[in-house]
Amino acid sequence: ALFPLFYALDGVKNRWQAFFYGFAAGFIFYLFSISWLRHVTVFGLFFVISILSIYWGIFGLIFHSRLRSWGWLFLSAVWVALEFFRAEIPVWGLGWNLLGTSQAPNLYIAQLASIGGVYLVSFLVFLSNGIMYALFRNGVQKEFQHFLLFLLLLAAVFVFGWSRFQIYNANPLFRVSVLQGNIPQLLKWDQAYREEILKIYINLTELASYDQPELIVWPEAAFPGFLNRDPEAFRIKEMVQKIQIHTLLGSPHQEDYGFFNSAYLLSPGVDATQRYDKIRLVPFGEYVPWK
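Residues numbered from 1 in each chain as written. Predicted model: local features only at pLDDT ≥ 70, side-chain atom pairs only at ≥ 80, totals over all residues. Heavy atoms only, no water.

### So, the packing of helix H1 (residues 3-10) against helix H3 (residues 42-64)
How we decide: Fitting a line to C-alpha atoms yields each axis, with helices limited to the stretch in contact; the angle taken between N-to-C directions then spans 0 to 180 degrees. Working definition: helices are DSSP H or I runs of at least four residues, strands are E runs of at least two. Numbering for both runs from the N terminus. Put simply, angles under 35 degrees are roughly parallel, angles over 145 are roughly antiparallel, angles from 65 to 115 are roughly perpendicular, and the rest are oblique. Here a crossing is taken to be left-handed if its near helix is turned anticlockwise relative to the far helix by less than a right angle, and right-handed if that turn runs clockwise. Any two residues whose heavy atoms approach within 4.5 Å are treated as being in contact. The residue classification treats Ala, Val, Leu, Ile, Met, Phe, Trp, Tyr, Cys and Pro as nonpolar and Asp, Glu, Lys and Arg as charged. All others, Gly included, are polar.
Between H1 and H3, the shortest axis-to-axis distance is 10 Å and the interhelical angle comes to 50°. The orientation of H1 with respect to H3, classified from their angle, is oblique. The handedness of the crossing between H1 and H3 comes out as right-handed. Counted together, Leu 5, Phe 6, Leu 9 and Asp 10 of H1 and Trp 56, Phe 59, Gly 60 and Phe 63 of H3 form the full contact between these two elements. Class assignment of the residues belonging to the contact of H1 with H3 gives a composition of six nonpolar, one polar and one charged.

Given below as structure tokens:
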């Protein structure tokens, strides 16, 4: 995916152009990949996109500088460092669409995350882009040694991932039903649709219970209110006692000192609920920085 960006940066004439190319690539990428934020705030969407794209612009500057001569291993480390800062920095941290997350369906490659998190997977993905671009620019004969070393590295990663599965004993009998009501974002918090949304999820839950799963999961913020204060919450608790299946559901949570994006676990035979509050919130989507 980074191949076109490398090609464009190879042709820049000055630092400002290098920054602009990197920034523009990031801006287009995030414009499509976090477009859902427009349902919350259009200003916040473009503000967050601009902030995240700055990291791509910085990469463009480094790619254009003399530091590039240090090789693709160095540039891979630079990319991962920029991903780390944009994901972990206080207030602005947003680890959305890190390069390594592209390998989530590739289970053997994804096992690298057990060593160095998603950042190590990002390193490998970036390095593979760099090696392919080097082959394109310099030819197979000149880059054959680097290409061979990368193939050996990739083989080692696959062997590592494969070995992890050989020693992992999963319980094949744990049944989970995952629900999705497909509620349009524009209707999600409309009071006129509260009852309809509740009926959709209650019906889906009762249908799923016929498969006799051990756990039923609702989406994030699926309950259209504050589960700890909403009078309609008793319907969900009664349903769990009726079907006798553990149910994990997302709901906003309200306290006198603030609001939380929470996940509740409702268990049959238990009145109390267990709750987890989301820690890493989306800027403007779930909180306003420096409000």
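### Focus on the packing of helix H4 (residues 72-88) against helix H6 (residues 113-138)
At a closest axis distance of 9 Å, the pairing of H4 and H6 adopts a crossing angle of 140°. Comparing their axes, H6 and H4 come out oblique. For H4 against H6, the interelement crossing comes out right-handed. Judged by residue contacts, Trp 72, Leu 73, Leu 75, Ser 76, Ala 77, Trp 79, Val 80, Glu 83, Phe 84, Ala 87 and Glu 88 of H4 engage Tyr 119, Ser 122, Phe 123, Phe 126, Leu 127, Gly 130, Tyr 133 and Ala 134 from H6. Across the contact of H4 with H6, the residue classes break down as 14 nonpolar, three polar and two charged.

### Comments concerning the nonpolar core
Inclusion rule: Remark: nonpolar core denotes a set of buried residues (Ala, Val, Leu, Ile, Met, Phe, Trp, Tyr, Cys) joined through side-chain atoms within 4.5 Å. For every residue, the accessible area (1.4 Å probe, protein chains only) is compared with the maximum for its type, and the residue is labelled buried under 20%, exposed over 50%, or partly exposed between those bounds.
If you look at the biggest cluster of nonpolar residues, it comprises 40 residues, and the most contacted ones within it are Leu 2, Phe 6, Phe 59, Trp 72 and Phe 126. Looking at this core, the elements with two or more residues in it are H1, helix H2 (15-33), H3, H4, H6 and helix H7 (140-167). The dominant element in this core, judged by the number of residues it contributes, is H3, at nine residues. Apart from the residues lying within four places of it in its own chain, the contact partners of Trp 72 are Phe 6, Phe 63, Phe 126, Leu 127, Gly 130, Tyr 133 and Ala 134. Leu 198, Ile 216, Ile 243 and Leu 266 belong to the second-largest nonpolar core, a separate cluster that totals 21 residues.

### Brief notes about the packing of aromatic side chains
The criterion, for reference: Put simply, two rings from Phe, Tyr or Trp (the six-membered ring, in Trp's case) pair if the centres are within 6.5 Å, and we call them stacked under 30 degrees between planes, edge-to-face over 60, tilted for the rest.
If you walk through the whole model with that rule in mind, you get 34 aromatic pairs. Ring plane angle 0° and centroid distance 5.6 Å describe the contact between Phe 6 and Phe 63, whose orientation is recorded as stacked. Of this pair, Phe 6 sits in helix H1 while Phe 63 sits in helix H3; the two residues are 57 residues apart in sequence, bridging distant segments of the chain. Looking at Phe 6, the relative accessible area reads 0%, which means it is buried.

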